[in-house]
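As a plain string of letters, each chain reads:
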Amino acid sequence: FQAEDGIRDYKVTGVQTCALPISLRRVVVEYARSDWADDALLLLAQLDYATGNPGGAVSQASRLLADYPGSPLTMTAALWAARAASDLHDGAEACRLADVGLHANGTDIETRNQLEYQKQRCTAIMAQAADSAARAPSSPPDTTATTPAPPAAGRGPRIQVIAAPTRARARS
C-alpha cells in the first residue's frame with residue numbers, strides 16, 4: 001500500500017480511497033492457503049474494529065478461527081473478536097470467543113490476561129442483560145404501532161459498486 005494511491009484516486013474521482021483493505025481481502029480470497037491469509041484476516045478484523053465496525057471485526061476474526069484453527073494468531077484473533085462482541089453487548093458470543101482464545105496453544109501471558117478480562121466483561125454483560133430482562137414488565141407487544149414503509153423507488157441516494165480490473169473498464 002502506498003499513500004499516493006489514495007491521493008491519486010482523490011484527484012481523479014474526488015473520493016479518498018485506501019487500497020489496504022482491498023489488498024488484504026485479495027490475499028484472503030486468492031491466496032487462502034498461504035502463510036499470510038490468517039495475518040490478512042486478523043488485520044481486516046483490526047481495521048474493522050478501528051473504524052467502528054465491531055460486527056465486521058467479529059466476522060473477520062471468527063472466520064480466522066474457523067478457517068485456520070491451528071494458526072499462531074488464534075489467541076489474538078479471539079481477543080479482538082471477544083472485545084468486539086462485548087462492544088455489541090453480545091455476552092454469550094464474547095464469552096465463547098474468549099474461551100476459544102483461552103484454550104488455544106499460546107505462551108503470550110499478556111494476551112491470556114486480556115482474554116481473562118474479556119471473559120469477566122462478557123459475564124458481566126450477560127448478568128446485566130438477565131437483570132434487565134427480569135425487571136422488564138411483561139406486557140403484550142404493541143400491535144397498533146406501524147413500522148415505517150421502505151423508501152419509495154426513485155427516492156434517496158443510490159449507490160452501485162462494481163469490481164473491475166482497471167479504471168477504464170469500470171467507466172465503460
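The following paragraphs examine the structure supplied in this document. (Residues numbered from 1 in each chain as written. Predicted model: local features only at pLDDT ≥ 70, side-chain atom pairs only at ≥ 80, totals over all residues. Heavy atoms only, no water.)

All right, on to the overall build of the protein then. Within the protein, the regular secondary structure consists of eight helices and zero strands. Secondary structure elements of the protein, listed N to C terminal, follow the sequence α-α-α-α-α-α-α-α. A burial count over the protein gives 28% of its 172 residues as buried. Sequence-distant contacts in the protein: of pairs separated by 6 or more residues, those separated by 24 or more amount to 52%. (Helix = DSSP H or I, 4+ residues; strand = E, 2+ residues; numbered from the N terminus. Buried < 20%, exposed > 50% of the residue type's maximum accessible area, 1.4 Å probe, protein only. Contact = heavy atoms within 4.5 Å.)

A few words on the state of the cysteines. Cysteine pairs can be linked by a disulfide, which is a covalent bond between their two sulfur atoms. By the definition in use, this model includes one disulfide. Through a disulfide, Cys 95 is tied to Cys 122; the S-S separation comes to 1.9 Å. Because the sign of the S-S torsion sets the handedness, a value of about 100 degrees for the bond joining Cys 95 and Cys 122 places this disulfide among the right-handed ones. Of this pair, Cys 95 sits in helix α6 (residues 91–102) while Cys 122 sits in helix α7 (residues 109–135), placing them 27 residues apart in sequence. (Disulfide = S-S within 2.5 Å.)

Right, let's get into unusual backbone geometry. With a phi angle near 60 degrees, His 89 is a residue other than glycine that sits in the positive phi range. When you line up the elements, His 89 lands in the loop between α5 (74–87) and α6. You can call His 89 exposed: its relative accessible area is 63%.

Per the counting criterion, the structure on display carries six salt bridges. Residue Glu 93 pairs with Arg 96 through a salt bridge whose shortest N-O separation is 2.8 Å. One end of the pair is Glu 93 and the other is Arg 96, both in helix α6 and three residues apart, which spans about a single turn. Looking at Glu 93, the relative accessible area reads 21%, which means it is partly exposed. Residue classification places Arg 96 among the partly exposed residues on the basis of a relative accessible area of 41%. Ionic pairing is found between Asp 131 and Arg 135, a salt bridge with its closest N-O pair at 2.3 Å. With Asp 131 and Arg 135 both in helix α7 and four residues apart, this pair spans about one turn of that helix. Since its relative accessible area comes to 64%, Arg 135 is described here as exposed. (Salt bridge = Lys/Arg side-chain N within 4 Å of Asp/Glu carboxyl O.)

So, on to the nonpolar core. What tends to happen in soluble globular proteins is that the nonpolar side chains get buried as a cluster. Residues Leu 42, Ala 77, Leu 97 and Leu 115 are the most contacted members of the largest nonpolar core, which totals 32 residues. Going through the elements one at a time, α2 (19–30), α3 (37–50), α4 (54–67), α5, α6 and α7 are the ones with two or more residues in this core. In terms of residue count, α5 provides more of this core than any other element does, nine residues in total. Look past the residues within four positions of Leu 115 in its chain and what remains in contact with it is Met 75, Ala 78, Leu 79, Ala 98, Gly 101 and Leu 102. (Core = buried A, V, L, I, M, F, W, Y, C linked by side-chain atoms within 4.5 Å.)

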